[in-house]
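# Summary of the model geometry
This is what each chain is made of:
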Amino acid sequence: MAASGGEEAEPSASSPSSPAPWITLEEWSGSAATKLSRTAVLTGTSSSLAIHRFGSRWGQVWRKILGAFVPEGFPGSVTPDYVPFQIWDSLQGLSTYIRSMLSTQALLSAIGVGEKSATVIGATFQGSNLDSNAKMWRLVADFMNDIGMLMDLLSPLFPSALIAIVCLGSVSRSFTGVASGATRAALTQHFALENNAADISAKEGSQETVATMTGMALGMLLAHITRGHPFAVWFLFLSLTIFHMYANYKAVQCLSLTTLNYERSSILLQYFMQSGKVLTPEQVSPREHIFPFWARWRRLIKPKLQHEHVRLGAKASRLAHSDLMVLAELARSCYKDAKYLLLEKQGDIYVFIHKHANPADILKSYIHSLVIANLMNKSKSLHTHSQLWMNEQYPIFIEKLRSAGWAAERLLSPATVWRAHWVHGPANS
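To start, this report covers the structure provided alongside it. Here the structure is a predicted model, which means the values were calculated and not measured.

Rules of the game
- Residues numbered from 1 in each chain as written.
- Predicted model: local features only at pLDDT ≥ 70, side-chain atom pairs only at ≥ 80, totals over all residues.
- Heavy atoms only, no water.
- Helix = DSSP H or I, 4+ residues; strand = E, 2+ residues; numbered from the N terminus.
- Buried < 20%, exposed > 50% of the residue type's maximum accessible area, 1.4 Å probe, protein only.
- Contact = heavy atoms within 4.5 Å.
- Areas by Shrake-Rupley, 256 points an atom, 1.4 Å probe, with all protein chains shown as cover.
- Patch = residues over 30% accessible without salt bridge, like charges linked within 9 Å, V, L, I, M, F, W, Y side chains within 5 Å.
- Salt bridge = Lys/Arg side-chain N within 4 Å of Asp/Glu carboxyl O.
- Core = buried A, V, L, I, M, F, W, Y, C linked by side-chain atoms within 4.5 Å.
- Pairing = 2+ DSSP bridges.
- Axes fitted to C-alpha atoms, helices over the stretch in contact; angles between N-to-C directions.
- Phe/Tyr/Trp six-rings, centres within 6.5 Å; stacked < 30°, edge-to-face > 60°.
- Expected span 1.5 Å × (residues − 1).

Each helix and strand in the protein chain was counted, giving 12 helices and 9 strands. Expressed as a percentage of the 429 residues in the protein chain, the buried residues total 37%. When contacts within the protein chain are restricted to residue pairs at least 6 apart in sequence, long-range pairs at least 24 apart make up 71% of them. Total accessible area on the protein chain is roughly 24,900 Å²; 61% of this is exposed by carbon and sulfur atoms.

In C-alpha cells:
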C-alpha cells in the first residue's frame, strides 16, 4: 500500500474517489513485551465499528495489583532466585514487624495508654516511575520521613489519638523505605562510571553511618538542653525540617542525570528544533522541575508543557469509531513502516505502541509525538511534516545526544502496559 504524498494527503477522512480503509486493531496488556495478553479487538470500516473484549475486569485489576509488588517485566526481568529470596526475605521482615508491634503494644500498655489490642496495617506505596523521576521521588521520600517524625512529635499532644498518630507515622516511614530505596538504586547506577555500583553503595553506607552517629550525639545533646521546654523543641524541629528539605533540594539539584525521561527528552528536543544543538546533562539539570506538586499548580496559570500533551501507551479499546478510521488512514500512509501509531486529538497526542516494539521504537515514538506537539499551531499537516522531520533529523538528533553524553538507547519511563497490533488496508483489497 503506497503512502500518500503532499500536504493535501494528510489523513483525516476517506476520499470519495479512494477505497474506504479498514483496520483491525488488537489491544494487548502486560508488564513486558514478552508477557502480553490480548484484551480487546477492534474492527473498523467506514460504516461500522465492532469491539470484542477478552478477559475480565478482575483480571485487569489483579495485574495492576501485582504490578505494584513485582518489578516491571516480571518474571522475565529478574533472575530465577529472585522469587525464593523475596519470599523468605518478606517472611523475615513480617516477623520483625509483628515483633515490633507486639513490643510497641506492650510499651503503650505499660505507660497507661490502654490495654485493648490494636492492629496496625502497613501500606506500601510504589510508583512505576520511580526510576524515571528519581529526583522527584527522592524529595517525596524525605518529605514523608519528615511527616513520620512530625507524627512522633504530635503524639504527646493528642494522647487519645496516640494509636492513630503512631500508625500514620508508620505508614509514612513505609513509603519512605520504598521510595528512597528505589531512588538510591537508580542514583547509584548513575554514579557508577566503572561498573562499581557495589563499591559506591558500600561507601554510601559508611557515610550514612558517620552521619547517623554524629546526628545521634548532637540529638542527645539538644534533647538534654531542651528538656522541659516544648517551644524550644518545636522551634528546633521546624528549623531542622526546613533545613533538611533545603539540603535535599540542593542535593538533587546537583544531579545531572544522563537518562532520557519525559521531561528531559522534551527539553532536549525543543532546544534542538530551535537551534540545531543538543544541551548537555549539566545544562538540562537546572531546567528540570523536581517538585511533585509543580505540574498541577503550574497548570492553573500556564498551559501544559509539550511532554504533558503526550499519552504514551494509549488504550486502544477507548477509541471512538472516527478515531479508529483516522488511524486506519495513518497506518497505511505516514506510519506504514513504524512500530507505533500517533493520533492527535483535542491538543493531545495518543501513542499506540506495537506489541513487538523494542525500547528504541518506544523512544522514537515518544520523540515523534513531541515533534507533533512542537508543530501544533504551526502546521496544518502535523503527521506529514512530523514524518519529514523524523526522516531527516531524528538520526542526527540521536547521534548528537550520544555525543553530548546522553544514554540514548531507551526512554526511561513507566512500563508501557497497553500495546497494540494492527492489520489494515482498503476495503476492496
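Bringing a nonpolar patch on the surface into the picture now. A contiguous nonpolar surface patch, about 460 Å² in accessible area, is contributed by Leu218, Leu221, Leu222, Ile225 and Leu240. The leading source of residues in the nonpolar patch is helix α5 (residues 197–225), at 4 residues. Here Leu222 is to be found in helix α5.

With that out of the way, let us pick up the nonpolar core. By size, the foremost hydrophobic cluster in this structure holds 57 residues, and its most contacted members are Leu25, Leu268, Ile367, Phe397 and Leu401. Ranked by residues supplied to this core, first place goes to helix α11 (residues 359–375) with 9 residues. With sequence-adjacent residues up to four places away left out, Phe397 is seen in contact with Leu268, Leu269, Phe272, Val278, Ile367 and Trp389.

Across residues other than glycine, the phi torsion is negative in most instances, and most of the peptide bonds are trans. Positive phi outside glycine occurs at Gln346, with the angle close to 55 degrees. For Gln346, the location among the structural elements is in the loop between β6 (340–345) and β7 (348–353).

Burial analysis of β7 places 5 of its 6 residues in the buried class, the great majority of the element. As paired strands, strand β5 (residues 310–312) and β7 are joined by 3 bridges and run parallel to one another. Bridge pairing links Leu312 to Val351 in β7. Sheet topology note: the β6/β7 ladder contains 6 bridges and is antiparallel. In the sheet register, Leu341 faces β7, and the bridge partner there is Phe352. Here β6 folds back onto β7 in antiparallel fashion, the turn holding 2 residues, of which Gln346 has a positive phi close to 55 degrees.

Once that is clear, we can look at the sheet that holds β7. Here we have 3 strands laid out as an open sheet, ordered β5-β7-β6, and mixed in their pairing. One side of each edge strand has no neighbouring strand; the edge strands of this open sheet are β5 and β6. Neighbour-to-neighbour, the strand axes of this sheet turn through a mean angle of 20 degrees, independent of strand direction. Contacting β5, β6 and β7, α11 crosses the sheet at an angle of about 25 degrees to β6.

Inspection of every chain in the model, using the stated rule, returns 5 aromatic pairs. Taking 5.0 Å as the distance between ring centres and 25 degrees as the angle between the ring planes, the aromatic pair formed by Tyr262 and Tyr366 counts as stacked. Residue Tyr262 is found in helix α7 (residues 262–275), and its partner Tyr366 is found in helix α11; the two are separated by 104 residues along the sequence. Arranged with centres 5.9 Å apart and planes meeting at 55 degrees, the rings of Tyr335 and Tyr340 form a pair that is tilted. According to the relative accessible area criterion, Tyr340 is buried, its value standing at 3%. Through successive ring pairs, a cluster of aromatic residues spans Phe272, Trp389 and Phe397.

Okay, the pattern of salt bridges next. Oppositely charged side chains may form a pair once their charged atoms are brought near each other. Applying the stated criterion across every chain, the model contains 7 salt bridges. Arg138 serves as the salt-bridge partner of Asp142, at 3.3 Å between the closest nitrogen and oxygen. Of this pair, Asp142 and Arg138 both sit in helix α3 (residues 134–154), 4 residues apart, which is roughly one turn of the helix. Judged by relative accessible area, Asp142 falls into the buried class, the value being 14%. Among the salt bridges present, the one from Arg311 reaches Asp348, with a minimum N-O distance of 3.5 Å. You can see Arg311 sitting in strand β5 and its partner Asp348 sitting in strand β7, a full 37 residues away along the chain. You can call Asp348 buried: its relative accessible area is 10%. It is possible to trace a salt-bridge network through shared partners that takes in Lys135, Arg264 and Glu288.

Counted at 1.5 Å a residue, the expected span for helix α6 (residues 230–253) with its 24 residues is 34 Å, and the 34 Å between its end C-alpha atoms agrees. All of the buried residues along α6 are Phe237, Thr241, Asn248 and Val252.

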